[in-house]
Structures are given as C-alpha cells and as structure tokens.
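Chain by chain, the residues:
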Amino acid sequence: MMKRKKKFIGSIALAAVVALTLAACGSTSTGVKISGESLDINGVALRPDGEAAQIYENNGMKLLVPLEYNELVTVETKQTGRPGVLFSVSETASIEAAKTLDDEFDGAGWLFSIGTVSEQELHEALCSDMSGEEVFAKDADGKYYMYYHPTDVRLVRENNADMEADIQQWGILNEWAETVPDNFIEENAGLVPEKRGNNVIDIYLARIAYMDNINYTLSAADGDPVNGSGFDASPYLEPLTKDIIFEYADDAKTPEGEYIILNFPDDDTRFDFFVTDDEGCYIRQVWGDDNEALYRAVFEDGETAFETGNIVRQWYNALAASNTGEALDASGFTGEEFVGEWQDEVSQRAMMDIKKTDQTGVYDILIHWGSSYNSAMEWTMTATAGAQDEILAYTDGVKAEVTFPDDGNGEEQRDIIWDDGTGYFMFRDGYLTWYDEQETDAAERRFVKSE
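Note that the coordinates shown come from a computational prediction; the quantities given were computed from them, not determined experimentally.

1. With respect to the side chain of Thr-241
Phase 1 of the analysis: Inspection of the secondary structure puts Thr-241 in helix α8 (residues 234-241).
Phase 2 of the analysis: Since its relative accessible area comes to 15%, Thr-241 is described here as buried.
Phase 3 of the analysis: At a separation of 2.9 Å, a polar atom in the side chain of Thr-241 contacts the main-chain carbonyl oxygen of Leu-237.
Phase 4 of the analysis: Discounting residues that sit within four places of it in the chain, Thr-241 has contacts with Arg-196 and Leu-205.

Printed below as a string of structure tokens:
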C-alpha cells in the first residue's frame, strides 16, 4: 500500500508567525501602488511611479497584479464555486504542493476573490455573520462588489523546511492582497466605495431593515416597550449603518446616564444606546444570564459618533408616536420650522425651498444648485414628517439638469437624471442635513435657514 504523504498547512501557530513576518516586512511592498492612471501596453499596466502590473480582465472589469507577484500567483477568471466571482487569486506554490501530496484541497494557497452580488443578496448577507466577506464598492447598475478572503491560513508545503523558508513570501502576498479592494476601485471607472459593518449590532440593525416581521421593541429605561412591527425605521437605520463602525470598548467606560433600549425578546438580547451628549457613542449589549459587552460607535475616519444614541432616541419617539398618535418630542420642534428658504452652509451655491402642502406634515421641496450662467441642477421631492419629528423622509426624489435659453426667451430644458431617489432630511441644532441613497455630489449637505 502506498503511504500517503503528510500535508503541511498553516495552523494557528503559523498564523502568528505570519503576523510577525508581516510586521517585519511591511516596508517590502509599501511602494506597490496600482494607480487608476496606469497605461495598458499589451496587457501590462505601466504606472506613474515606474511599477508594472499584469492585467487580468473579466466581464469588463480589470484586476492588476504587480509583476513582482504575478509569477507567484495563479489567477482564475472562470466562475467556479461561489456565484458571481470574477477573479480568484491563489499562491501557485501551495497549489503545486497540494498536488504533489495527492491532496484534494481546493483552497490551497487561496489569497482572495473578487465578485459581485445584487442589492438583495447583499441585504440577506448583512443579516448574518459575514466572516471572510466584505462589500467594498458599488457600480451605477446597483451591483455590489465583494472581497472574499480566507479566515484561516492556506499556505501548503511538502515539509516543514519549505514551510519555514516561504513564510516571508506568504506574508508579503497577503499584505498585497489587503490593498486590492482600493486598487480595484481606482482601476475600474464607475465604482464608488461602499462599506458596511458586520458587528453584532450591525447584524441586528440589518435584520430590522431587510427582514420581514422582526420582533423588536424600543423603550426608555423606565418606560414601557413599544413594538416596532410594521414601522418604517429606514430614516433612523441608515445613519446607524452607513460609515459607522461599532468597536469594542472598555467596560469600565460604561456610562451611567440615560439610554434607550433596543430589545430582541426572541433572542434574549438587547442593546442599550446611551444618549448623554458626550457619551452618546456607547452601546451596551446584554444577553443571556446578564452577559454584557460595551461598544463605541466611531466614523470610518476615527472620529467619535456622538449622535448615535440621539438617533435611536428619535427612532423611539417616532415609533411611540406612531403607536399612540401623539407627538412625544419634548424639544418643542414643530413641522412649521421646516418651511422657508435654506442655504447650503459649505458652498453657499445650493438653495432649498420648503413649502407646506394641503396635507398636514407633508412638504414640497425644491433644491437648486447653479452650475453655470445658463444651467443648474435641481432636486424635487415630497417629504413627510414623522409624528415627533425631526426628520423629513421621501421616496419620490427627482434629479434634473435644467438649461436656460441664452437670450432669456423661450422655455427651459429639463433633462431627468434619476427619478427614484429615497432619503431624508434630519433637523438638528438649526441645521437640515440631507441624506439620499442616489446622491453623491451633494451627499450629507448641511443647510441653514436663510435670514
């Protein structure tokens, strides 16, 4: 009987060695930067800084592999295994070692894959653990681009000596792999960055946003819970799930102030969102027999997200109001304060006019942004205020480019760019901040009331 050779594949101990190798070799591939300005010559991308990369193409998309790494990896462009995969990259030496060992290990040497999913597929994925899966970009057609990577070490060699000799090379390849999503966006026109968290808080918020009939309640610490079934929480969920990271915090920093409870009774899990001004970034998870964990909400740039708790408090107020028919906001805010002219605080080029309609709490909005002497961008929408309510939400946004006759006579020309905008305006401290799913040019624009 032929004796089966032993397979040598990375373990937890090896993973630790690789981590140390990365730290030691960090400077080796620091200069490897693939620019969107690269020049394609016979399938090789030449970049401004003098580096070169092999171009791989699939379905109109490009993946660039630096030439210094191209001889070390195998790139597959055929869809195998996971649907929607465009590129799959593995270390060639590990593939060959697995073959020599007569080992049917499909993932030998796998570094990463790039693929696409639909919006619905992404929403379903966000509702559960996405270990090894990260969304990193979105295109104009609504497709989302995913970065898939292993959660264990896939290095394979025939013996320990080869394993130790090639650990440094494996570490450098993994370091390069981590730069691929940003480089992929640069090299493929039309992609915009799109990142979503997948922390336990993110998962539960995604379930409310994307799953039907999720059993949850909101309540003040000393109040009765209000069931959220059937309530449209999207204006509150979006600022809690876009560009915010929930990171672990020291339990010793748990605030003692007011908090709003987001409870999931079916799972014996709740989240306490603290609302104190300087502590509104903390969230406490409580589950099971008094197990606790503390999180801190920060923006992707590292700045503290202090308003997180206040957003949940507004959500609770709106939910309670929808159940009782009464306005619960104690700030004295009324919908009448929306009405009037507003100006973009930063550029001061965008003007917004909000007018009441015949329906209570419903407003017509026109935003005008002058582009040149004879053209402008205009957005129109009909928005509804919640019962409490510091939010104006809409689902019928229209963006149009308006061109005016040079001589001032005749009719203006209006070209519709999109007509399915959804978003909201949030009122806070005298400002109206605009959030829209479609918009990028005017993303998160702040408006102040004109004198």
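2. Focus: the confidence of the model for the chain
Phase 1 of the analysis: Of all residues in the chain, 80% have pLDDT values of 70 or greater, and the mean over the chain is 82.
Phase 2 of the analysis: Model confidence for the chain, summarised as mean pLDDT per element, is weakest for helix α1 (residues 12-24) at 37 and strongest for strand β10 (residues 144-148) at 97.
Phase 3 of the analysis: Taken together, the stretch residues 1-35 has pLDDT below 50 and engages in 70 contacts with residues farther than four places along the chain or on a different chain.
Phase 4 of the analysis: Counting contacts from residues 325-332, a segment whose pLDDT is below 50, to residues more than four positions away or on other chains yields 12 contacts.

3. Notes on a negative patch on the surface
Phase 1 of the analysis: A surface patch of negative charge is lined by Asp-250, Asp-251, Asp-268, Asp-289, Asp-290 and Glu-292.
Phase 2 of the analysis: Note on placement: Asp-250 falls in the loop between β15 (244-248) and β16 (259-264).

4. Notes on the pairing of strand β20 (residues 340-344)
As a general feature of sheets, a regular strand has side chains that alternate between the two faces.
Phase 1 of the analysis: Pairing analysis gives 4 bridges linking β20 to strand β21 (residues 350-356), with the strands arranged antiparallel. Pairing of Gln-343 across the sheet is with Met-351, part of β21.
Phase 2 of the analysis: Summarising the sheet, β20 and strand β27 (residues 446-449) pair through 3 bridges and their orientation is antiparallel. Following the sheet pairing, Gln-343 is matched in β27 by Val-448.

5. A short note on the nonpolar core
Phase 1 of the analysis: Counting residues in hydrophobic clusters, the biggest one holds 37 residues, and the most contacted among them are Tyr-216, Leu-218, Leu-262 and Trp-315.
Phase 2 of the analysis: With 7 residues, helix α9 (residues 308-324) is the single largest residue contributor to this core.
Phase 3 of the analysis: Residue contacts for Leu-218: discarding those within four places in its chain leaves Asp-224, Pro-225, Val-226, Ile-260, Ile-261, Leu-262, Val-312, Trp-315, Tyr-316 and Leu-319.

6. A word on the pattern of salt bridges
Phase 1 of the analysis: The full count for this structure, using the stated rule, is 14 salt bridges.
Phase 2 of the analysis: Here Glu-91 makes a salt bridge to Arg-157, at a shortest N to O gap of 2.7 Å. You can see Glu-91 sitting in strand β7 (residues 85-91) and its partner Arg-157 sitting in strand β11 (residues 156-157), a full 66 residues away along the chain. We note that Glu-91, like Arg-157, is buried.
Phase 3 of the analysis: Here Arg-313 and Glu-258 are joined by a salt bridge, their closest N and O atoms 3.5 Å apart.

7. Comments concerning the packing of helix α7 (residues 200-210) against α8
Phase 1 of the analysis: Two elements in contact, α7 and α8, have axes separated by 10 Å at closest approach and are oriented at 150°. Considering the relative orientation of α7 and α8, their crossing is left-handed. Here α7 contributes Leu-205, Ile-208 and Ala-209 to the contact with α8, which in turn contributes Leu-237, Leu-240 and Thr-241.
Phase 2 of the analysis: Here the contact of α7 with α8 is built from residues that sort into 5 nonpolar, 1 polar and no charged.

Calculation criteria
- Residues numbered from 1 in each chain as written.
- Predicted model: local features only at pLDDT ≥ 70, side-chain atom pairs only at ≥ 80, totals over all residues.
- Heavy atoms only, no water.
- Helix = DSSP H or I, 4+ residues; strand = E, 2+ residues; numbered from the N terminus.
- Buried < 20%, exposed > 50% of the residue type's maximum accessible area, 1.4 Å probe, protein only.
- Polar contact = N/O pair within 3.5 Å; in protein donor to acceptor, adjacent residues only side chain to side chain.
- Contact = heavy atoms within 4.5 Å.
- pLDDT = per-residue confidence, 0-100.
- Patch = residues over 30% accessible without salt bridge, like charges linked within 9 Å, V, L, I, M, F, W, Y side chains within 5 Å.
- Areas by Shrake-Rupley, 256 points an atom, 1.4 Å probe, with all protein chains shown as cover.
- Salt bridge = Lys/Arg side-chain N within 4 Å of Asp/Glu carboxyl O.
- Lys, Arg positive; Asp, Glu negative; His and termini not counted.
- Charge placed at Lys NZ, Arg CZ, Asp CG, Glu CD.
- Pairing = 2+ DSSP bridges.
- Core = buried A, V, L, I, M, F, W, Y, C linked by side-chain atoms within 4.5 Å.
- Axes fitted to C-alpha atoms, helices over the stretch in contact; angles between N-to-C directions.
- Left-handed = near helix turned anticlockwise from the far one by under 90°.
- Nonpolar A, V, L, I, M, F, W, Y, C, P; charged D, E, K, R; others polar.

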